[in-house]
Amino acid sequence: MQENQIVDVSTTAGINAPIEKIDIPKWCFGITEEEYLSCSPAHIAAGSTKTPYGKRVAINVETIGGSLMVQHFIETLAKKDHLILDSDSDIFTPNGRTMVHVRWELTAKKIAEDRCELTTHVQSFATDEMRALLERQGIPFDLLRTQNHPIAQAHNDAETPLFAASIGRAALRN
């Protein structure tokens, strides 16, 4: 684990659609707010836009571990079966507002002619701003890391099968 890394979690779930019909970026940047909300009770809002340089951005608002997060996921890699997104996310904690860097990677892999599997991999990293907030509050970084890992894993475990089902539905509509 890297020095500033807070969490590193992965979850895999089945998608009931052939790999040839999967288009994770199209799904991610086209998901309706209603569909996003159906993928977790922690989800609050979703939308998409573009950077001034033309990169697509998925905006997700959710609550994780009691903290409100506003994520601005910018596409770093966009292939039909592999999407990597990076976000410098606003996080509103009980101790104040700060920023955390989040990397969200979604990968689909063929497992049968009409079925594939989705793996979601989430990593988060403390920014200098977050480290300063922790220091002002007297919160040891290792304690933050220890407390956040099971919360992030549980959230990822809960939403990944629902994301997989949503991706499968989108694939079969196309």
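Please refer to the structure higher up on the page.
Note that the structure is predicted; figures quoted are calculated from it, not measured.

How each quantity is defined
Residues numbered from 1 in each chain as written. Predicted model: local features only at pLDDT ≥ 70, side-chain atom pairs only at ≥ 80, totals over all residues. Heavy atoms only, no water. Pairing = 2+ DSSP bridges. Helix = DSSP H or I, 4+ residues; strand = E, 2+ residues; numbered from the N terminus. Axes fitted to C-alpha atoms, helices over the stretch in contact; angles between N-to-C directions. Contact = heavy atoms within 4.5 Å. Buried < 20%, exposed > 50% of the residue type's maximum accessible area, 1.4 Å probe, protein only. Salt bridge = Lys/Arg side-chain N within 4 Å of Asp/Glu carboxyl O. Disulfide = S-S within 2.5 Å. Phe/Tyr/Trp six-rings, centres within 6.5 Å; stacked < 30°, edge-to-face > 60°.

Chemist: What's the story with the sheet that holds strand β6 (residues 96–112) in this structure? I'm lost.
Modeler: As a general point, the strands of a sheet are linked pairwise by backbone hydrogen bonds and lie either parallel or antiparallel. Pairing in this open sheet of seven strands is antiparallel, and the strands run β1-β7-β6-β5-β4-β3-β2 from one edge to the other. Sheet topology places β1 (5–15) and β2 (43–50) at the edges, where each strand pairs with a single neighbour. Neighbouring strand axes in the sheet, compared pairwise and without regard to direction, differ in orientation by 20 degrees on average. Pairing analysis gives eight bridges linking strand β3 (residues 56–64) to strand β4 (residues 67–79), with the strands arranged antiparallel. Each residue of the ladder has a partner; that of Ile64, found in β4, is Ser67. Along the sheet, helix α3 (residues 128–137) contacts β1, β5 (82–93), β6 and β7 (115–126); its crossing angle with β6, the most-contacted strand, is approximately 125 degrees. Relative to the sheet, helix α4 (residues 141–173) contacts β1, β2, β3, β6 and β7, its axis offset from that of β1 by approximately 20 degrees.

Chemist: Teacher, can you tell me more about the pairing of β4 here?
Modeler: Along any regular strand the residues' side chains alternate between the sheet's two faces. What sits between the antiparallel neighbours β3 and β4 is a turn of two residues, in which Gly65 has the positive phi angle 60 degrees. As paired elements, β4 and β5 share eight bridges and run antiparallel to each other. Residue pairing in the sheet places Ile74 in a bridge with Asp86 of β5.

Chemist: Is there a simple way to explain the environment of Phe125 in this structure?
Modeler: Mapping Phe125 onto the fold places it in strand β7. The exposure class of Phe125 is buried, given its relative accessible area of 15%. As for Phe125 and Met99, which are separated by 26 residues in sequence, their C-alpha atoms are 9.4 Å apart. Phe125 has contacts with Gln2, Asn4, Gln5, Ile6, Val100 and His101, leaving out every residue within four places of it along the chain.

Chemist: Would you explain the pattern of salt bridges in this entry?
Modeler: Side chains carrying opposite charge are able to pair once their charged atoms draw close together. One pass over the full model with this rule turns up eight salt bridges. In this structure, Asp90 and Arg97 form a salt bridge, with 3.1 Å as the shortest nitrogen-oxygen distance. With a relative accessible area of 12%, Asp90 lands in the buried category. By relative accessible area, Arg97 is classed as exposed at 53%. Note that Lys110 and Glu113 form a salt bridge whose closest N and O atoms lie 3.2 Å from each other.

Chemist: What exactly am I supposed to notice about the side chain of Ser87 here?
Modeler: Within the fold, Ser87 resides in strand β5. Overall, the relative accessible area of 0% leaves Ser87 in the buried class.

Chemist: Teacher, can you tell me more about the state of the cysteines here?
Modeler: The bond known as a disulfide is covalent and runs between the sulfur atoms of two cysteines. One pass over the full model with this rule turns up zero disulfides. Unpaired in terms of disulfides, Cys28 finds its nearest cysteine sulfur in Cys39, a separation of 11 Å. Cys116 forms no disulfide, and the closest cysteine sulfur to it belongs to Cys39, at a distance of 16 Å.

Chemist: Got a minute to help me understand the packing of aromatic side chains in this structure?
Modeler: Throughout the structure, instances matching the rule amount to three aromatic pairs. For the pair Trp27 and Phe163, a centre-to-centre distance of 5.4 Å together with 75 degrees between the ring planes defines the contact as edge-to-face. You can see Trp27 sitting in helix α1 (residues 24–30) and its partner Phe163 sitting in helix α4, a full 136 residues away along the chain. Each member of the pair, Trp27 as well as Phe163, carries the same accessibility label: buried. Note on Trp104 and Phe163: the rings are 5.6 Å apart at their centroids and 45 degrees apart in plane angle, and the pair reads as tilted. Taken as a pair, Trp104 in strand β6 and Phe163 in helix α4 lie far apart in primary sequence, 59 residues in all.

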